[in-house]
Amino acid sequence: MSELEHDWNAPGPKKRSWDKGGKTRHQQGYGSAWVKLRKQILERDCHLCQPCRAKGRVTVGNQVDHIRPKAQGGTDSPDNLQTICDPCHQDKTARDNGRRVKRAIGLDGWPTEGN
Ligand SMILES: [Zn+2]
């Protein structure tokens, strides 16, 4: 019976997508100016996730996010930066990516995929 006793809930060696194997921000192409700016934004926002705050939740955020993605013309100006928590960041990144995906419309006028 031991073959059937696999523990499906055991945590696997799952790596987070943002874990670049111990490389620093500097090695990823972010200069010390960004490190300084990032600290400034975190302090400005009291280390609280701004999207959560907008929803009435108080969550500590430790990431700095571009409100308007740089790919969409956003800048590194403090006006365009906000403190964000991991779940919000992943959610936002997914939505930012999703926005660029054009949905195929079938002949009947309805999207051919998704639900
Ligand atoms: Zn959040």
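Residues numbered from 1 in each chain as written. Predicted model: local features only at pLDDT ≥ 70, side-chain atom pairs only at ≥ 80, totals over all residues.

Looking at this structure, I do not really get the overall build of the protein. What am I missing?
Helix and strand counts for the protein come out as three helices and two strands. The order of helices and strands in the protein, counted from the N terminus, is α-α-β-β-α. Long-range contacts, defined here as pairs at least 24 residues apart, represent 41% of the contacts in the protein between residues at least 6 apart. (Helix = DSSP H or I, 4+ residues; strand = E, 2+ residues; numbered from the N terminus. Contact = placed C-beta atoms within 7 Å.)

Whenever I open this one, the pairing of strand E2 (residues 81-84) confuses me. Can you help?
The side chains of a regular strand alternate, first on one face of the sheet and then on the other. Residues Leu-81 and Thr-83 line one face of E2 and the alternating positions Gln-82 and Ile-84 line the opposite face, and both faces are buried. The sheet contact formed by strand E1 (residues 63-66) and E2 spans four bridges and is antiparallel. In the sheet register, Asp-65 faces E2, and the bridge partner there is Gln-82. (Buried ≥ 20, exposed ≤ 12 C-beta atoms within 10 Å, placed from the backbone. Pairing = 2+ DSSP bridges.)

Explain unusual backbone geometry here, please?
Negative phi is the rule for most residues except glycine; trans is the rule for most peptide bonds. One non-glycine residue, Cys-46, lies in the positive phi region at around 55°. Mapping Cys-46 onto the fold places it in the loop between helix H1 (32-44) and helix H2 (50-54). Judged by the 11 C-beta atoms lying within 10 Å of it, Cys-46 is exposed. A positive phi angle, close to 60°, is found at His-47, a residue other than glycine. The topology assignment puts His-47 in the loop between H1 and H2. Overall, the presence of 14 C-beta atoms within 10 Å leaves His-47 in the partly exposed class.

How should the confidence of the model for the protein be read in this particular structure?
Any segment with low pLDDT has predicted coordinates that should not be analysed in fine detail. With 66% of its residues at a pLDDT of at least 70, the protein reaches an overall mean of 80. Across the protein, the secondary-structure element scoring lowest on mean pLDDT is helix H3 (residues 86-100), at 83, and the one scoring highest is E2, at 98. (pLDDT = per-residue confidence, 0-100.)

I would appreciate a short explanation of the environment of Thr-83 in the present structure.
Within the secondary structure, Thr-83 sits in strand E2. With 26 C-beta atoms packed within 10 Å, Thr-83 lands in the buried category. Sequence-wise, Thr-83 and Val-64 are 19 residues apart; in three dimensions their C-alpha atoms are separated by 4.6 Å. Other than its neighbours up to four places away in sequence, Thr-83 contacts Ile-41, Leu-42, Asp-45, His-47, Leu-48, Cys-49, Gln-50, Gly-61 and Val-64.

Looking at this model, I keep getting lost on H1. Mind explaining?
Helical periodicity: at 3.6 residues per turn, an α-helix aligns residues three or four positions apart in one direction. Across its 13 residues, H1 extends 18 Å between first and last C-alpha, which sits within 8% of the 18 Å expected from 1.5 Å per residue. Directly beyond the C-terminal end of H1, a positive phi value near 55° is found at Cys-46. (Expected span 1.5 Å × (residues − 1).)

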